[in-house]
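# Architecture at a glance
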Amino acid sequence: MRRPLVVGNWKMHGSSAENRERVAAIAAGASECHGVDIAICPPAVYLQAVGAQLAGSGVALGAQNLCEQTRAGAFTGELLGAMLADVGCRYVIVGHSERRTLYGEDDSRVAEKFAAAAQFGLQPVLCIGETLAERDAGTTEAVLARQLDAVLRRTGVAAFGDAVIAYEPVWSIGTGRNAAPEQVQSAHAFIRGRLARLDATIANQIALLYGGSVKPNNAAALFDCADVDGGLIGGASLHAGDFLAIARAAATAS
Ligand code: 13P
């Protein structure tokens, strides 16, 4: 059995005061979630403060994005992977659909970011997923394959030995419309199978998270799927009680 992982993606939400309260509640409740790895990804400007508050709690810190460059330089507004590692990040989300659709990150840039994360010892949480139009056109697996293969071609499968993949169907993000467990299981099995063609051990060990409108009332059914190893949680991660309830559902599913 793979160890479950629940990651909170706060997106562009929070303030120093709000974060202090939320992090205190999450850190206090995390000790009741035995056997689950928990991480939170606040906006970058708050990474250091949140990291300091998390110290000793067992909850890991993650960033929401990084620069694909691997050396410091003249890249105004960007964040080098080394900097994220320096302030205590363990994870970094790569290729979130909001980055792909709103900020023009294509498959090749996502692949470069994944490679940069790995180079600096960060665990990339690679997000892949289809739009509603792609699902309706029956191309879900082709889209997942294209997004995954772009990274595999760049880094090789070995880099996935220290990575996480999040399946996030775009139509389920922030819509309250989560994918049905059968749809999620089918996509996850496809992703794992595609990795297994290259390396069965890595495919078997890698954590595959589901993301998209995960809430306390639907988490258990999603986490009970054989190939779902946890979740990437957006809106519900902004409420410590909901986020912890989701982490407890992952603990029970394990
Ligand atoms: P929601 O949980 O708000 O649907 O967001 C999912 C997501 O995009 C996490 O990265």
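Higher on the page you've got the structure.
What comes next is a walk through the structure. Since we're looking at a predicted model, the values are computed, not measured.

### With respect to the overall build of the chain
The number of helices and strands found in the chain is 11 helices and 8 strands. Over its C-alpha trace the chain gives a radius of gyration of 17 Å, about what one expects of a compact globule, namely 18 Å for 254 residues. C-alpha atoms of the chain, sized along the principal axes, occupy 45 × 45 × 35 Å. Counting over 254 residues, the chain shows a buried share of 52%. Carbon and sulfur atoms make up 50% of the accessible area of the chain, which amounts to about 10900 Å² in all. Each charge sign in the chain was given a centre, from 21 positive and 25 negative side chains, and these centres are 2 Å apart.

### With respect to the nonpolar core
Ile40, Leu126, Phe160, Ile165 and Phe223 are the most contacted members of the largest nonpolar core, which totals 69 residues. Residue contributions to this core peak at 8 residues, all from helix α11 (residues 240–253).

### Details of the pairing of strand β5 (residues 123–128)
Most of β5 is tucked away: 6 of the 6 residues are buried. On β5, burial covers both faces: Gln123, Val125 and Cys127 on one face and Pro124, Leu126 and Ile128 on the other are all buried. Two strands pair when backbone bridges link them, and β5 and strand β6 (residues 164–167) are joined in this way by 4 bridges, in the parallel orientation. Each bridged residue has a counterpart across the sheet, and for Cys127 the counterpart in β6 is Ala166.

### So, the packing of helix α7 (residues 140–155) against helix α8 (residues 181–196)
How two helices sit against one another is set out by the angle between their axes and by the gap between those axes. Two elements in contact, α7 and α8, have axes whose closest approach is 11 Å; the angle formed by their N-to-C orientations is 35°. The way α7 lies across α8 gives a crossing that is right-handed. From α7, Glu141, Leu144, Ala145, Leu148, Asp149 and Leu152 reach across to α8, where they touch Ser186, Ala187, Phe190, Ile191, Arg194 and Leu195. The residue inventory of the contact of α7 with α8, partitioned by class, reads 8 nonpolar, 1 polar and 3 charged.

### A few points about the packing of helix α1 (residues 16–30) against helix α2 (residues 47–54)
The interhelical angle for the contact between α1 and α2, taken along N-to-C directions, is 30°, at an axis separation of 10 Å. Classified by the angle between their axes, α1 and α2 sit roughly parallel to one another. Crossing hand, α1 versus α2: right-handed. In contact with Asn19, Arg20, Val23 and Ala24 of α1, α2 contributes Val50, Gln53 and Leu54. Partitioned by chemical class, the residues of the contact of α1 with α2 number 4 nonpolar, 2 polar and 1 charged.

### What to know about the packing of aromatic side chains
Under the defined criterion, the tally for this structure stands at 2 aromatic pairs. Ring plane angle 50° and centroid distance 6.3 Å describe the contact between Tyr167 and Tyr210, whose orientation is recorded as tilted. Of this pair, Tyr167 sits in strand β6 while Tyr210 sits in strand β7 (residues 207–210); the two residues are 43 residues apart in sequence, bridging distant segments of the chain.

### Quick notes on the site of the ligand
Around the ligand lies a shell formed by Asn9, Lys11, His96, Glu168, Ser172, Ile173, Gly174, Gly212, Ser213, Leu232, Gly234 and Gly235. With respect to the ligand, the side chain of His96 contributes an N or O atom lying 2.8 Å from an oxygen atom. Contact distances for the ligand include 2.6 Å between an oxygen atom and a backbone N or O atom of Gly174. Coverage of the ligand by the protein amounts to 97% of the 310 Å² it exposes when considered alone. Each residue belonging to the shell around the ligand can be placed in one class, and the counts come to 2 nonpolar, 8 polar and 2 charged.

### A closer look at the pattern of salt bridges
Summed over the entire model, instances satisfying the criterion amount to 15 salt bridges. For the salt bridge of Glu98 with Lys11, the shortest nitrogen-to-oxygen distance reads 2.9 Å. With a gap of 87 residues between them, Glu98 in helix α4 (residues 97–102) and Lys11 in the loop between β1 (5–9) and α1 connect regions that are remote in the sequence. Because the salt bridges share partners, they merge into one network encompassing Arg2, Arg192, Asp227 and Asp229.

So, how was this worked out
- Residues numbered from 1 in each chain as written.
- Predicted model: local features only at pLDDT ≥ 70, side-chain atom pairs only at ≥ 80, totals over all residues.
- Heavy atoms only, no water.
- Helix = DSSP H or I, 4+ residues; strand = E, 2+ residues; numbered from the N terminus.
- Rg over C-alpha atoms; globule rule 2.2 N^0.38 Å.
- Buried < 20%, exposed > 50% of the residue type's maximum accessible area, 1.4 Å probe, protein only.
- Areas by Shrake-Rupley, 256 points an atom, 1.4 Å probe, with all protein chains shown as cover.
- Lys, Arg positive; Asp, Glu negative; His and termini not counted.
- Charge placed at Lys NZ, Arg CZ, Asp CG, Glu CD.
- Core = buried A, V, L, I, M, F, W, Y, C linked by side-chain atoms within 4.5 Å.
- Pairing = 2+ DSSP bridges.
- Axes fitted to C-alpha atoms, helices over the stretch in contact; angles between N-to-C directions.
- Left-handed = near helix turned anticlockwise from the far one by under 90°.
- Contact = heavy atoms within 4.5 Å.
- Nonpolar A, V, L, I, M, F, W, Y, C, P; charged D, E, K, R; others polar.
- Parallel < 35°, antiparallel > 145°, perpendicular 65-115°, else oblique.
- Phe/Tyr/Trp six-rings, centres within 6.5 Å; stacked < 30°, edge-to-face > 60°.
- Near = heavy atom within 4 Å.
- Polar contact = N/O pair within 3.5 Å; in protein donor to acceptor, adjacent residues only side chain to side chain.
- Salt bridge = Lys/Arg side-chain N within 4 Å of Asp/Glu carboxyl O.

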